[in-house]
Amino acid sequence: MAATPLPTPEHPNDMRHFLSENDLTADEFRAIIQRGSELRKQWESHSCEATLPRRVLGMIFEKSSTRTRVSFEAGMTQLGGHAIYLSPEGTQLGRGEPPADTARVLSQMVDVISVRTFSHDMLERFAEIATVPVINALTDLLHPCQLLADMQTYLDHRGDIRGKRVAWIGDGNNMCNSYLNTAALLGFHLTYACPDGYEPDAGILANAGNHASRADSPAEACKDADLIVTDVWASMGQEAEQKAREAAFEGYEITTDMMALAQKDALFMHCLPAHRGEEVSAEVIDGAQSVVWEEAGNRLHAQKALLEFLLLREE
């Protein structure tokens, strides 16, 4: 006899998830990164306000992390709340509990849930069941929290990114997909250079429309760019492809010569971890145009602003 499916829970009318950049309007995105800048100034002046007292964030991690875990955990502490780290080995997820069941249970115990996993479909199914806001802390398809930090960093250094030229060099991975979404949302142009067979998601690319174009070479993409971005050639789960990817990405390293093709005040970003001598030279990532360390630090502040946006809208 087939099991009777459980009904989908009722969601609060004003509850929002953040699974993709497209879950925000352009105005909401800009408001969050502006708030992130304010929160960074508070942190630098040791004047953080406890805007989320007694709120609890449950953090599900199926992929390892440094920046994501520390930024969410520290962020909740600074806002007066608490975060709980949940790994597959330390929870029933590792013993085969369906994610939907975990979503139902955690929704009874925490105020918001972040999920760092492989499958974007799994994340979407999880959010359909959860009755608290769910945050995409990274999937193989998208990395929207990183884009909040990147755009906050650009805002702090150069102002609004609307109308600017951004170059993406390397794998058409989750970061590239998120840049495509954000280009259409915030009104900048993304020129991407990817080897054949490593292009971004076709559906996301189509949705970006005239906000994106493919360059024939990394040098062409970098020409006159206001921002140059790259990522590792082999992401988590792709380690077995390392040698093949090194061959495919020959000539895709961001060097000082590449940066010289961009605008004189162009910035360089990388979501980290980085491999010097592969996707970027030491001279670039450690050079004057690099803002990667501030970019990494802004994960903390942009995500605090996101948590406020998702939780304080209820009040």
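Presented here is an overview of the structure given in this document.

What counts as what
- Along every chain, residues carry numbers that run from 1 in the direction the sequence is written.
- It should be noted that, the model being predicted, local features are given only for residues of pLDDT at least 70 and side-chain atom pairs only at 80 or more, the latter also being counted only at that level, while totals for whole chains, interfaces and linings use all residues.
- With hydrogens and water stripped out, all remaining heavy atoms of the structure feed into the side-chain values.
- A run of DSSP states H or I qualifies as a helix once it reaches four residues; a run of E qualifies as a strand once it reaches two. Both are numbered from the N-terminal end.
- How far a helix is expected to stretch is found by multiplying one less than its residue total by 1.5 Å.
- Summary of the burial criterion: residues with accessible area below 20% of their type's maximum are buried, those above 50% are exposed, and those between are partly exposed, where the area comes from a 1.4 Å probe applied to protein chains only.
- Only strands joined by at least two bridges in the DSSP assignment are considered to pair.
- Here, axes are lines fitted to C-alpha atoms. For helices the fit covers the stretch in contact, and angles between N-to-C directions go from 0 to 180 degrees.
- Residue contacts follow a heavy-atom distance rule, with two residues in contact if any of their heavy atoms lie within 4.5 Å.
- When the strands point away from the viewer and the connection leading from the first strand across the helix to the second strand turns clockwise, the crossover is called right-handed.

### Observations concerning helix α12 (residues 292-312)
- Here α12 contains 21 residues, and its C-alpha end-to-end distance of 30 Å stays within 8% of the 30 Å for a straight helix at 1.5 Å per residue.
- α12 sits mainly inside the fold: 17 of its 21 residues count as buried.

### What to know about the sheet that holds strand β7 (residues 212-214)
- Here we have five strands laid out as an open sheet, ordered β7-β6-β5-β8-β9, and parallel in their pairing. Of all strands in the sheet, those bounded by a partner on one side alone are β7 and β9 (267-270). With strand direction ignored, the average angle separating the axes of adjacent strands in the sheet is 20 degrees.
- With four bridges connecting them, strand β8 (residues 227-230) and β9 associate as parallel partners. Across the sheet, residue Ile228 finds its bridge partner in β9, namely Phe268.
- Packed on one face of the sheet, helix α5 (residues 144-158) meets β8 and β9 and runs near 160 degrees to β9.

### Concerning the pairing of strand β1 (residues 56-61)
- Buried residues dominate β1, accounting for six of its six residues.
- Here β1 shows two buried faces, one formed by Val56, Gly58 and Ile60 and the other by Leu57, Met59 and Phe61.
- As paired strands, β1 and strand β2 (residues 82-86) are joined by five bridges and run parallel to one another. Looking at β2, one finds that Met59 is bridged to Tyr85.
- Handedness of the crossover joining β1 and β2 through helix α2 (residues 67-78): right-handed.
- Where β1 and strand β3 (residues 112-116) come together, five bridges link them in parallel fashion.

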